[in-house]
Amino acid sequence: MPELPEVETVRMGLAAVLEHRRITRVETRRGDLRVPFPPRLAERLNGRDVKRLSRRAKYLLADLDSGETLIMHLGMSGRFSVHAKGAELRIGNYVYEPAKSNMRRGAHDHVIIETDAPAEIVFTDPRRFGLMLLLDTASLGTNPLFDTLGPEPLSRAFTAKFLERALGGRRTPIKTALLDQRTVAGLGNIYVCEALFHAGISPKRMAATVGGGRAAALVRAIRSVLRAAIRAGGSSLRDYAQTDGTLGEFQHRFAVYGREGAPCPRPGCNSKVKRIVQSGRSTFYCPRCQR
Ligand SMILES: [Zn+2]
């Protein structure tokens, strides 16, 4: 499942061909993903200018000049690919190749959006847990999708003070509290495990006891693991855009995630990475370094 850094990488790759561009053609090749598409989706998008492409948690938000926002979510298996219409397209650091002439539409290519970049954006989603909605831009803040979300982890609102207050009185393990989207928006299992390792905090520690220096270390660790992953995704984007145009898929190297039994990567620690299950999800951590 794509996590925040992948979604941010997708946003960057889409922004180049979508932001400040006009939508020139839209094709929906079925009636729904997780839920039905909004009525007349193609008609409401066609001819609109995209004012801004932003991200909130793992949602992509394209603000249109019609006063509506196209909300997009990748779900479990959704992905976007971008192809130049006509000759190769170079925008900033990104290179988009034309679609190969022998490339046929796949059974899982559900939405095609063309812009005057000129580019073709294809949304592919085999399992169809993805989402596309059109909502009034002005009402987004009060929409149930967004109104209970905590701050963005990379925003200035996410401070040690904020985190300490958000965790205050909570008797759940810190890992569970961080996965709760009301604490901080968009964090998933992988980056929570990684951030707790870098902060030296046990995933089992009671959330209410993470304050002061621990909260500050945790905020720093969350920001740095996300930033490093976004950087890795950004640098791989060019390669991916050159092969099949797919955005946001890249190889990660994790310190503890998925590394059960491997030596702890911290120099001088001879312990092994341990896996436990918390709230039905795997947690990876070093029992010696994380307290
Ligand atoms: Zn260790």
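That block above? That's the structure.
So, here is what we can say about the structure in this document. (Residues numbered from 1 in each chain as written. Predicted model: local features only at pLDDT ≥ 70, side-chain atom pairs only at ≥ 80, totals over all residues. Heavy atoms only, no water.)

1. Re the coordination of the zinc ion
Part 1 of the argument: Within the protein, Cys264 (SG), Cys269 (SG), Cys286 (SG) and Cys289 (SG) serve as the donor atoms for the zinc ion, at 2.2 to 2.4 Å.
Part 2 of the argument: Its four donor atoms give the zinc ion angles of 106 to 114° at the centre, a pattern that matches the tetrahedral case.
Part 3 of the argument: Of note, the zinc ion draws all its donor residues from one chain, in the sequence arrangement C-x4-C-x16-C-x2-C. With a gap of 22 residues between them, Cys264 in the loop between helix H6 (212–243) and strand E11 (274–278) and Cys286 in the segment after strand E12 (281–285) connect regions that are remote in the sequence. (Donors = N, O, S within 2.8 Å, 3.2 Å for Na, K, Ca; no water. Tetrahedral: all angles 85-135°; square planar, octahedral: opposite > 155°, others 65-115°. Helix = DSSP H or I, 4+ residues; strand = E, 2+ residues; numbered from the N terminus.)

2. Points about the nonpolar core
Part 1 of the argument: In this structure, Leu14, Val17, Leu70, Phe80, Tyr96 and Met132 are the most contacted members of the largest nonpolar core, which totals 37 residues.
Part 2 of the argument: Ranked by the residues each element gives to this core, the list is headed by helix H1 (residues 4–18), at seven residues. (Core = buried A, V, L, I, M, F, W, Y, C linked by side-chain atoms within 4.5 Å. Buried < 20%, exposed > 50% of the residue type's maximum accessible area, 1.4 Å probe, protein only.)

3. A few points about unusual backbone geometry
Part 1 of the argument: Cis geometry marks the peptide bond from Ala117 to Pro118, where omega comes out at 0°.
Part 2 of the argument: Here Pro118 shows up in the loop between strand E8 (109–115) and strand E9 (119–124).
Part 3 of the argument: Positive phi is not limited to glycine here, since Ala57 has a value of about 55°.
Part 4 of the argument: With respect to the element layout, Ala57 can be found in the loop between strand E2 (50–56) and strand E3 (59–64).
Part 5 of the argument: Ala57 gets classed as buried once you look at its relative accessible area, which sits at 3%.

4. Looking at a nonpolar patch on the surface
Part 1 of the argument: Taken together, Met1, Met76 and Phe129 make up a surface patch of nonpolar side chains, about 300 Å² in accessible area.
Part 2 of the argument: Among the structural elements, Phe129 can be located in the loop between E9 and strand E10 (131–136).
Part 3 of the argument: Assessed through its relative accessible area of 39%, Phe129 is described here as partly exposed. (Patch = residues over 30% accessible without salt bridge, like charges linked within 9 Å, V, L, I, M, F, W, Y side chains within 5 Å. Areas by Shrake-Rupley, 256 points an atom, 1.4 Å probe, with all protein chains shown as cover. Salt bridge = Lys/Arg side-chain N within 4 Å of Asp/Glu carboxyl O.)

5. Focus: the side chain of His73
Part 1 of the argument: Position of His73 among the secondary structure elements: in strand E4 (residues 68–73).
Part 2 of the argument: Note on His73: relative accessible area 13%, which makes it buried.
Part 3 of the argument: Within the local environment of His73, its side chain forms a polar contact with the backbone nitrogen of Gly75, the two atoms lying 2.9 Å apart.
Part 4 of the argument: In this structure, His73 is in contact with Arg34, Lys58, Tyr59, Phe123, Gly130 and Leu131, ignoring residues within four places of it in sequence. (Polar contact = N/O pair within 3.5 Å; in protein donor to acceptor, adjacent residues only side chain to side chain. Contact = heavy atoms within 4.5 Å.)

6. Examining the layout of surface pockets
Part 1 of the argument: What the largest pocket holds in volume is close to 390 Å³.
Part 2 of the argument: Within the lining of the largest pocket, the residues separate by chemical class into 10 nonpolar, five polar and four charged. (1 Å grid on protein atoms, 1.4 Å probe; cavity = no way out; pocket = protein on both sides within 12 Å on 5 of 7 lines; lining within 4 Å. Points joined across faces, edges and corners; volume = space filled by probe spheres on them. Nonpolar A, V, L, I, M, F, W, Y, C, P; charged D, E, K, R; others polar.)

7. Observations regarding helix H5 (residues 189–199)
Part 1 of the argument: In terms of burial, H5 is a largely internal element, 10 of the 11 residues being buried.
Part 2 of the argument: Here H5 has its buried residues at Asn189, Ile190, Tyr191, Val192, Cys193, Glu194, Ala195, Leu196, Phe197 and Ala199.
Part 3 of the argument: Once H5 finishes, Gly200 follows within two positions and takes phi at roughly 70°, a positive value.

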